[in-house]
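What follows is the residue order along each chain.
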Amino acid sequence: MTSRLKLWTRLGTCLVAGLPVAAMAMPAQDGGEGGEGGEGGEAGSVPSQYRLMLDAASDPAYAAQDSLRDYAQGAHAAYRDAAVAAEGLRSAIRALLDNPTPNSLELARAAWLQARQPYLRTEAMRYYDGPIDGPESAARAAGPEGRLNAWPLNEAVIDYVEGDADAGLVHEFATPITRETILSRDQVSDEADVTTGWHAIEFLLWGQDRSADGPGARPAADYLPGDPARDRRRAYLGLLADQVVDDLRWLEGQWNADQADAYVHFFLALEQHEAIGRVLTGAANLAGHELASERLAVALDSGAQEDEQSCFSDSTRQDFVFALEGIRQAWYGRDGRGLASVLKPLRPALAAELDGRFARAEAAIAALPQPFDRMLNAAPDSAERQAGENAVTALQELGAGLRDAGTALGVLVIVSGV
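Quick look at the structure, then. (Residues numbered from 1 in each chain as written. Predicted model: local features only at pLDDT ≥ 70, side-chain atom pairs only at ≥ 80, totals over all residues. Heavy atoms only, no water.)

Each helix and strand counted, the protein chain has 13 helices and 0 strands in total. Element order for the protein chain, N to C, with α for helix and β for strand: α-α-α-α-α-α-α-α-α-α-α-α-α. Considering the protein chain as a whole, with its 418 residues, one finds that 57% of them fall into the buried category. Once local pairs closer than 6 in sequence are excluded, the contacts in the protein chain between residues at least 24 apart make up 76%. Total accessible area computed for the protein chain in this model is approximately 16100 Å², and 52% of it derives from carbon and sulfur atoms. (Helix = DSSP H or I, 4+ residues; strand = E, 2+ residues; numbered from the N terminus. Buried < 20%, exposed > 50% of the residue type's maximum accessible area, 1.4 Å probe, protein only. Contact = heavy atoms within 4.5 Å. Areas by Shrake-Rupley, 256 points an atom, 1.4 Å probe, with all protein chains shown as cover.)

What follows covers the packing of aromatic side chains. Tallied over the entire structure, the rule returns 12 aromatic pairs. Here the aromatic rings of Phe203 and Phe312 are separated by 5.3 Å at their centres, their planes lie at 50°, and the arrangement is tilted. Of this pair, Phe203 sits in helix 5 (residues 198–206) while Phe312 sits in the loop between helix 8 (272–302) and helix 9 (316–332), and the two are 109 residues apart along the sequence. Look at Phe203 and you get buried, because its relative accessible area is 0%. You can call Phe312 buried: its relative accessible area is 2%. Ring geometry for Tyr263 against Phe266: centres 5.6 Å apart, planes inclined by 50°, an arrangement best described as tilted. Here Tyr263 pairs with Phe266, and both are found in helix 7 (residues 263–269), just 3 residues apart, close to one helical turn. Three or more aromatic residues link up through ring pairs in this structure, and these residues are Tyr71, Trp255, Tyr263, Phe266 and Phe267. Cation over ring: Arg218 sits above Phe203, and NZ or CZ is 5.1 Å from the ring centre. (Phe/Tyr/Trp six-rings, centres within 6.5 Å; stacked < 30°, edge-to-face > 60°. Lys NZ or Arg CZ within 6 Å of the ring centre and 35° of its normal.)

Viewed as axis vectors pointing N to C, helix 11 (residues 348–366) and helix 13 (residues 383–408) meet at an angle of 155°, and their least axial separation amounts to 9 Å. It follows from the interaxial angle that helix 11 and helix 13 lie roughly antiparallel. Note on packing geometry: the crossing formed by helix 11 with helix 13 is left-handed. Of the residues in helix 13, those touching helix 11 at Leu350, Leu354, Arg357, Phe358, Arg360, Ala361, Ala364 and Ile365 are Asn390, Ala391, Ala394, Leu395, Glu397, Leu398, Ala400, Gly401, Leu402, Asp404, Ala405 and Ala408. For the contact of helix 11 with helix 13, the class distribution of residues is 14 nonpolar, 2 polar and 4 charged. (Axes fitted to C-alpha atoms, helices over the stretch in contact; angles between N-to-C directions. Parallel < 35°, antiparallel > 145°, perpendicular 65-115°, else oblique. Left-handed = near helix turned anticlockwise from the far one by under 90°. Nonpolar A, V, L, I, M, F, W, Y, C, P; charged D, E, K, R; others polar.)

With respect to the element layout, Asp186 can be found in the loop between helix 4 (179–184) and helix 5. Look at Asp186: it is buried, it has no salt bridge, and the nearest opposite charge is Arg147 at 7.5 Å. A polar contact of 3.2 Å, which involves the side chain of Asp186, links it to the side chain of Gln187. For Asp186, the residues in contact, after removing those within four places along its chain, are Gly146, Arg147, Asp193, Val194, Thr195 and Thr196. (Lys, Arg positive; Asp, Glu negative; His and termini not counted. Salt bridge = Lys/Arg side-chain N within 4 Å of Asp/Glu carboxyl O. Polar contact = N/O pair within 3.5 Å; in protein donor to acceptor, adjacent residues only side chain to side chain.)

This paragraph deals with the packing of helix 8 against helix 9. Close contact between helix 8 and helix 9 brings their axes to 9 Å; oriented N to C, the two are set at 160°. Relative to helix 9, helix 8 is oriented roughly antiparallel. Relative to helix 9, the crossing made by helix 8 is left-handed. Within the contact between the two elements, helix 8 uses Val279, Leu280, Ala283, Leu286, Ala287, Leu291, Arg295 and Leu296 and helix 9 uses Phe320, Ala323, Leu324, Ile327, Ala330 and Trp331.

Bringing the nonpolar core into the picture now. Leu248, Trp255, Ile327 and Trp331 are the most contacted members of the largest nonpolar core, which has 114 residues in total. Every residue in contact with Leu248, bar those within four places of it in the chain, is listed here: Tyr79, Ala82, Ala83, Ala86, Tyr119, Leu148 and Trp198. (Core = buried A, V, L, I, M, F, W, Y, C linked by side-chain atoms within 4.5 Å.)

Turning to its location among the elements, Thr101 is positioned in the loop between helix 1 (65–98) and helix 2 (102–121). Beyond its immediate chain neighbours, meaning those up to four positions away, Thr101 contacts Leu96 and Ala220.

Once that is clear, we can look at the pattern of salt bridges. Side chains that differ in sign of charge can pair as their charged atoms come close. Applying the stated rule across the entire model yields 29 salt bridges. The closest approach of N and O atoms between Arg233 and Asp159, which form a salt bridge, is 2.6 Å. You can see Arg233 sitting in helix 6 (residues 228–254) and its partner Asp159 sitting in the loop between helix 3 (145–148) and helix 4, a full 74 residues away along the chain. Using a relative accessible area of 0% as the deciding quantity, one classes Asp159 as buried.

This paragraph deals with the environment of Leu224. Here Leu224 is to be found in the loop between helix 5 and helix 6. Its relative accessible area of 35% is what places Leu224 among the partly exposed residues. Residues in contact with Leu224, not counting those within four places in the same chain, are Pro100, Arg230, Asp231 and Arg234.

Now for the side chain of Glu155. Here Glu155 lies in the loop between helix 3 and helix 4. The contacts of Glu155, once residues within four sequence positions are left out, are Val161, Phe203, Gln208, Glu306 and Phe312.

Going from Trp151 to Pro152, the amide bond is cis rather than trans, its omega being -5°. Looking at the element boundaries, Pro152 is found in the loop between helix 3 and helix 4. Following Gln370, the chain continues to Pro371 via a peptide bond in cis, the omega torsion being 5°. A positive phi angle is found at Tyr127, which is not glycine, with a value near 75°. Relative to the elements of secondary structure, Tyr127 occurs in the loop between helix 2 and helix 3. On the accessibility criterion, Tyr127 (1% relative accessible area) is buried.

Below, the structure written as structure tokens:
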């Protein structure tokens, strides 16, 4: 282990390879789960140790190193795919800025939708102080999750909104549009005052969504050069695309085994229970808390379009579809080499039950209405609303199943609300 790897070890953590140790649920530092504009910050405390206290008779014997290597390789591939797709988005945005037409705007929007998919698959690598959302400390800066995927978003801190044609940083002519000024305004006075990331780009491409039947309808003329506000909007959009690419390339590097100081070396050097705890904490919290509660139940309860994650583009259902694909890969691995293959010989009935929970969650997500607004606007006893409630239940049950798999493997997994 290089000296740089020690920077990834949280203060207070004691890893004792091969010995049964008590798992103490000690909270991580504030921000340990990363904040998506207030969404995603309550997904459970990060324990100081993941291995449960077990006696010799009940301690399950298994070898998971092959599965953990597969997970790490999958994480690297997932972030690489996300970075490549983000570069495609950046190219489409540059083409829009070079020649703002309805067609180039539609191509940029299509590139945003396409680029979101591989990023969503990476979200299962959250919630355990990994590179994406580890807390800020003396050793390293906070992970980039908060500036990549923050929401809900107060549009008026960025650009014009209905009723205020001069809103946002775009119209603050005394403030230069630079990466530094954009980031310095991000979530400063309120966590909804988001100025950067996927959903800021989404708003700049689509504008506010004022329709229950379709997405926002920002005109391509908003990007014609030659006007002070439009020129600032053009610069803003280009800088946001650059930031997303840079952050994803950094994350790709942290899972790249060829990079000497990367997080992946710390992960692979962990005692296997400690690594499994991280894998299952990420997957279980994304399913049982983040998707079920923060992104679905909250929106159902409020009925507010602002609580829809990808509200400007009306593409929220794909957020669930591809995030669930990421959970599936975290559990099953590539070509069946994941932790599911470790659990099956130990607890075949539990492994089969988890198979069923994945199937039910996938069916429930597939049944969500499109566009998502239609469900939020539907009557409480409607079929649309029932589809949403079914998805909440299925995702919570999946999170609970992954938690139970952790217990069977001698690992503590805390899922908020499950």
